[in-house]
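So you can see what is in the structure, the chains are spelled out below.
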Amino acid sequence: MSRSPGLKMRNVVSFLAFFLTFNALAEGKLNKIEEDNWQDLLTGEWMVEFFAPWCPACRGLQPTWEDFAGWSEDLDIGIGQVDVTTSPGLSGRFMVTALPTIFHVKDGVFRQYRGARDKDSFISFVEDKKWTGVEPISSWKSPDSLQMSLVSYFFKLSMVLRNVHTTLTEDYQMPYWVSYVAFAVATILLGGILGLILVCCIDCVYPPRRDDELHHHVQQATRADKKDSDAEEEDDVEELEGSQDEGEEDQDTQDENLSQDEGENSQDEGNSQDEASQNSQEEGSQDESENYRSENKSRRRRARKAD
């Protein structure tokens, strides 16, 4: 028994309505995470995917991720997506280096999901709490830290510069070298302005000394140097006088020693002269006695001869 065309049409319409309703439901459960609401991830439990529309792997994962989003109420978690082309700051804040990248978040603690990318694996990872075996991201790389906030601003700046380059080369049809020269000049000017601001801040914190104060300090330093030099000169003079006094004392002692030596020598010479005179006297007396004896002998001889 064949069905009427009207019944077939009603079935098709019902199927389309069910599909659209289910799709809208799934899209409603798939939260879109952007710069203004990313801090919602810090409370509760979440699974978040970072993707880009131009990424083939992201487009292949999209149906699976939408199916997984339909289980958000059963698993009591939030499921979200981050488009890095519209939210470049978040890609820098989370240090996303490959696409797609999936994170599990539990009360502000972030873990990167590295398992299989199918719906059953996602459900098992959350339901069986397999995320407890994954090492959390270190505190210094945590997305809510100060340093990662600075990184996110750099990523935003890079996206702004990229959009400016695209506008100059595509909308205004300028050559690439013009864009590069413009960026180079802007970089030099920005560096000079930042350097000037830094110097001003340093001057405010550590103000330079005035000329009068500097001159006063120089005078004090020179006076101190003069005092030190005068004290050193006085010490040198005292040392010289002391050395001279010591030299005079040494000279006096040497003179006394010399005079004593000369006195002793003269005394020795006098003694030697006395001894010599005594010896000469003794020799004279001996000669006289010998002469006297010889005369007596000669007299005796003469007397004998006369007899």
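Here, every reference points to the structure presented above.
The shown structure was predicted, so the numbers you read here are calculated from the model rather than taken from an experiment.

Asker: Any chance you could break down the overall build of the chain for me, citing the residues and the numbers?
Answerer: A tally of regular secondary structure across the chain gives eight helices and five strands. Along the chain, helices and strands appear, N-terminal first, in the series α-β-β-α-α-β-α-β-β-α-α-α-α. Here the chain holds 307 residues, and 22% of them are scored as buried. In the chain, 69% of the contacts between residues at least 6 apart in sequence involve partners at least 24 apart. As displayed, the chain offers around 23,000 Å² of accessible surface, 54% of which is attributable to carbon and sulfur atoms.

Asker: Which residues make up helix α6 (residues 146-171), and what values do they have?
Answerer: Compared with the 38 Å implied by 1.5 Å per residue over 26 residues, the 37 Å span of α6 between its first and last C-alpha is a close match. Along α6, the residues that are buried comprise Met148, Ser149, Ser152, Met159, His165, Leu168 and Thr169. At the exit of α6 stands glutamine 173, carrying a positive phi of roughly 55 degrees.

Asker: Please give an account of the pattern of salt bridges that cites residues and values.
Answerer: For the structure shown, the criterion picks out two salt bridges. Lysine 32 serves as the salt-bridge partner of glutamate 34, at 3.5 Å between the closest nitrogen and oxygen. The partner of lysine 106 in a salt bridge is glutamate 45, with the nearest N and O atoms 4.0 Å apart. Within this pair, whereas lysine 106 is found in strand β4 (residues 101-106), its partner glutamate 45 is found in strand β2 (residues 45-51), the two being separated by 61 residues in sequence.

Asker: Please set out the pairing of strand β3 (residues 78-83) residue by residue, giving values where relevant.
Answerer: Burial runs high along β3: six of the six residues are buried. Where burial is concerned, the two faces of β3 agree: the one with Gly78, Gly80 and Val82 and the one with Ile79, Gln81 and Asp83 are both buried. Here strand β1 (residues 30-32) runs beside β3; their pairing, made up of three bridges, is parallel. Within the sheet, the bridge partner assigned to lysine 32 lies in β3 and is glutamine 81. Direction of pairing for β2 relative to β3: parallel, over a ladder of six bridges. Across the sheet, the residue bridging to phenylalanine 50 is valine 82, located in β3.

Asker: Pulling in residues and values, what's your account of the pairing of strand β5 (residues 109-113)?
Answerer: Alignment of β4 against β5, held across five bridges, turns out to be antiparallel. Note that in β5 the partner of histidine 104 across the bridge is arginine 111. Turn length for the β4-β5 hairpin, with the two strands adjacent in sequence and antiparallel, is two residues, and the turn residue aspartate 107 shows positive phi of about 55 degrees.

Asker: Lay out the packing of helix α2 (residues 56-69) against helix α5 (residues 119-127) with the relevant residues and their values.
Answerer: Taken N-terminus to C-terminus, the directions of α2 and α5 make an angle of 45 degrees; their axes are 9 Å apart at the nearest point. It follows that α2 is oblique to α5 by the angle criterion. Seen along the crossing, α2 lies across α5 with a hand that is right-handed. Within the contact between the two elements, α2 uses Leu61, Thr64, Trp65, Asp67 and Phe68 and α5 uses Lys119, Phe122, Ile123 and Val126. Considering only residue class, the contact of α2 with α5 consists of six nonpolar, one polar and two charged.

Asker: Could you give an account of the environment of proline 136, naming the residues involved and the relevant values?
Answerer: Assignment of secondary structure puts proline 136 in the loop between α5 and α6. Sequence separation of proline 136 and valine 105 is 31 residues, and the distance between their C-alpha atoms is 9.4 Å. Non-local contacts of proline 136, meaning those with residues more than four positions away in its chain, are made with Val109, Phe110 and Arg111.

Asker: Which residues make up a nonpolar patch on the surface, and what are the values?
Answerer: Taken together, the side chains of Trp177, Val181, Val185, Leu189, Leu190, Ile193, Leu194 and Ile197 define a hydrophobic patch exposed on the protein surface, amounting to about 810 Å² of accessible area. Along the chain, leucine 189 turns up in helix α7 (residues 176-205).

What counts and how
Residues numbered from 1 in each chain as written. Predicted model: local features only at pLDDT ≥ 70, side-chain atom pairs only at ≥ 80, totals over all residues. Heavy atoms only, no water. Helix = DSSP H or I, 4+ residues; strand = E, 2+ residues; numbered from the N terminus. Buried < 20%, exposed > 50% of the residue type's maximum accessible area, 1.4 Å probe, protein only. Contact = heavy atoms within 4.5 Å. Areas by Shrake-Rupley, 256 points an atom, 1.4 Å probe, with all protein chains shown as cover. Expected span 1.5 Å × (residues − 1). Salt bridge = Lys/Arg side-chain N within 4 Å of Asp/Glu carboxyl O. Pairing = 2+ DSSP bridges. Axes fitted to C-alpha atoms, helices over the stretch in contact; angles between N-to-C directions. Parallel < 35°, antiparallel > 145°, perpendicular 65-115°, else oblique. Left-handed = near helix turned anticlockwise from the far one by under 90°. Nonpolar A, V, L, I, M, F, W, Y, C, P; charged D, E, K, R; others polar. Patch = residues over 30% accessible without salt bridge, like charges linked within 9 Å, V, L, I, M, F, W, Y side chains within 5 Å.

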